[in-house]
Amino acid sequence: MDEKEEDVGTFDPNIPEEGPSAPPPGWLDDIHGYQGLKGGDDDNPLYPPPPAYNPQPEQNRSTSVPDVRVPSVSEDVARDALLKFVESKWNYSSKPARNLTFKDLQPITVYRYRLETYTETRASAWQFEPYNGQTVDGPQYGMSPAPWDIPVSLPQRYTDKVEKIRVPHSSFVKVCHKCKGCGRTRCTACFGRGQKRCTFCHGRGRIRNKHCTSCHGRGRKRKNNVSEFIPDRQPDFPDRKFEKVSGDAFFVDESLLVYPIQGFPDQEICEVSTKLINEHLERFTATSRILQQRQSIELVPLTHAYYTYSGKDYSFFVYGLENKVFTSKYPSACSIL
């Protein structure tokens, strides 16, 4: 609500100065299972789930991966990709791309490992609203359920979502701590010669406190945590380029918990699978509930194309299912004097 200036006139000492947004110590009642909340903007402690809520991994279990064939591109595909790349560069001529002569097309094996851990985190924070005589669901109706005993609906997996849920039987009515029940506060702009309506209780002098399970004060949070890895084995090709292209996910393993990959031809993928799975378990079970995990291996196409033009040697890379092109040197460029 916008602030409203009223009754400009003499100084009225009975109108209090505006209090802090956070209530004073001891002002809020304790709710069973949520003790210690102070009501400040940053007061939103996490509630780790009980041990029984998180799955326990089986010992000495692993996952096998099928064999895969490395893809390659033809000269026509490589030329078309280069022409499309050149068209996006205003200072590149398309003549070299049309008339070059290919010497060799070398397909390169590139694997991208991805681990996704879908988690749920719960925290709580006090919320305040003006009291207008509405029904107050307070402790007189029963004990508030513990944070992880509050039922919630499942959203689509592997998507981020924040949901506010009011804790049952946690509401009560208090005198507004900002205006001390007056409904108005002393205006700092006119040094107390006027008044403004209290924006916290909307001039009613009382507010209703309601307790929410939340994440950063906003509710229950379900989050997809993703870790990716691509071995860095091509010094002439920047790995960051892979972030914007897709690959062929020839292996997808999804379960409540996934297990390290073993027996895959690329041993570095096996090692990073073990490392990331252990990291996710250690990091997320401390504060969150693991709902599902998914690991995948993609084969990301990468071809190093060697060619000649006007008697000189050049090369470029074709990468991703989108056939994007990267080159550090191109034969001809237009210049503007």
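Right, let's walk through the structure included here. Just so you know, these numbers come straight off a predicted model, no measurement behind them.

### Notes on the sheet that holds strand β16 (residues 324–326)
Link 1 in the chain: Taking strand neighbours across the sheet as the criterion, the 4 strands line up as β2-β14-β15-β16 in an open arrangement whose pairing is antiparallel. Among the strands making up the open sheet, the edge pair consists of β2 (101–107) and β16. Direction aside, neighbouring strands of the sheet carry axes that sit 25° apart on average.
Link 2 in the chain: Relative to β16, strand β15 (residues 312–319) is paired through 3 bridges, and the arrangement is antiparallel. Paired with tyrosine 319 across the bridge in β16 is lysine 324.
Link 3 in the chain: Most of the contacts of helix α1 (residues 75–87) go to β2, to which it runs at about 100°, and overall it touches β2, β15 and β16.

### Some thoughts on α1
Link 1 in the chain: In this model, α1 (13 residues) spans 18 Å end to end at C-alpha, consistent with the 18 Å of a helix rising 1.5 Å per residue.
Link 2 in the chain: Every buried residue of α1 is accounted for by Ala78, Arg79, Ala81, Leu82, Leu83, Phe85 and Val86.
Link 3 in the chain: Contacts from the buried residues of α1 go to α2 (95–99), β2, β15 and β16.

### Focus: the nonpolar core
Link 1 in the chain: Judged by nonpolar contacts, the single largest core of 21 residues is most densely connected at Val65, Tyr111, Tyr113, Phe250, Ile261, Phe264 and Ile297.
Link 2 in the chain: For this core, the secondary-structure elements that each account for two or more residues are β3 (111–121), β12 (248–255), α3 (267–284) and β13 (289–299).
Link 3 in the chain: Sort the elements by how many residues they give to this core and α3 lands first, with 7 residues.
Link 4 in the chain: Sequence-distant contacts of tyrosine 113, that is, excluding residues within four places in its chain, are made with Ser227, Glu228, Phe229, Ile261, Ile269, Val272, Ser273, Leu276, Ile277, Gln295, Ser296 and Ile297.
Link 5 in the chain: Counting residues in each nonpolar core, the second largest holds 18 residues, with Val86, Ala305, Tyr314 and Tyr330 among its members.

### Observations concerning the packing of aromatic side chains
Link 1 in the chain: For the structure on display, the rule yields 17 aromatic pairs.
Link 2 in the chain: Their ring planes at 40° and their centres at 5.8 Å tell us that tyrosine 118 and tyrosine 158 sit as a pair that is tilted. Remark: tyrosine 158 occurs in the loop between β4 (123–130) and β5 (161–163) and tyrosine 118 occurs in strand β3; sequence separation between them is 40 residues.
Link 3 in the chain: Accessibility expressed as a relative area gives 1% for tyrosine 118, which makes it buried.
Link 4 in the chain: Assessed through its relative accessible area of 12%, tyrosine 158 is described here as buried.
Link 5 in the chain: Taken together, a centroid distance of 5.7 Å and an interplanar angle of 25° make the contact between tyrosine 307 and tyrosine 314 stacked. Both residues of the pair, tyrosine 307 and tyrosine 314, count as buried.
Link 6 in the chain: Members of the aromatic cluster, connected to one another through ring pairs, are Phe237, Phe242, Phe317, Tyr319 and Phe326.

### Some points on the environment of lysine 164
Link 1 in the chain: Here lysine 164 is to be found in the loop between β5 and β6 (165–166).
Link 2 in the chain: Separated by 40 residues in sequence, lysine 164 and serine 124 place their C-alpha atoms 9.7 Å apart.

### Digging into the environment of valine 68
Link 1 in the chain: Inspection of the secondary structure assignment puts valine 68 in the loop between β1 (5–6) and α1.
Link 2 in the chain: Valine 68 has contacts with Tyr111, Phe250 and Leu299, leaving out every residue within four places of it along the chain.

### Re α3
For an α-helix the count is 3.6 residues per turn, leaving residues at separations of three or four pointing the same way.
Link 1 in the chain: The end-to-end C-alpha distance of α3, which contains 18 residues, comes to 26 Å, matching closely the 26 Å that a straight helix rising 1.5 Å per residue would cover.
Link 2 in the chain: The backbone nitrogen of glutamate 268 has a side-chain oxygen 3.1 Å away, supplied by the residue at the start of α3, namely aspartate 266.

### Considering the pattern of salt bridges
Link 1 in the chain: Evaluation of the coordinates by the stated rule reveals 13 salt bridges.
Link 2 in the chain: Its salt-bridge partner being glutamate 116, residue arginine 294 comes within 2.9 Å of it at the nearest N-O pair. Of this pair, arginine 294 sits in strand β13 while glutamate 116 is found in strand β3, placing the two residues 178 residues apart along the sequence.
Link 3 in the chain: Of the charged contacts in the structure, one is a salt bridge between arginine 233 and aspartate 266, with a shortest N-O distance of 2.7 Å. Of this pair, arginine 233 sits in the loop between β11 (220–229) and β12 while aspartate 266 sits in the loop between β12 and α3, and the two are 33 residues apart along the sequence.
Link 4 in the chain: Classification of arginine 233 by relative accessible area gives partly exposed; the value is 43%.

Calculation criteria
Residues numbered from 1 in each chain as written. Predicted model: local features only at pLDDT ≥ 70, side-chain atom pairs only at ≥ 80, totals over all residues. Heavy atoms only, no water. Pairing = 2+ DSSP bridges. Helix = DSSP H or I, 4+ residues; strand = E, 2+ residues; numbered from the N terminus. Axes fitted to C-alpha atoms, helices over the stretch in contact; angles between N-to-C directions. Contact = heavy atoms within 4.5 Å. Expected span 1.5 Å × (residues − 1). Buried < 20%, exposed > 50% of the residue type's maximum accessible area, 1.4 Å probe, protein only. Core = buried A, V, L, I, M, F, W, Y, C linked by side-chain atoms within 4.5 Å. Phe/Tyr/Trp six-rings, centres within 6.5 Å; stacked < 30°, edge-to-face > 60°. Polar contact = N/O pair within 3.5 Å; in protein donor to acceptor, adjacent residues only side chain to side chain. Salt bridge = Lys/Arg side-chain N within 4 Å of Asp/Glu carboxyl O.

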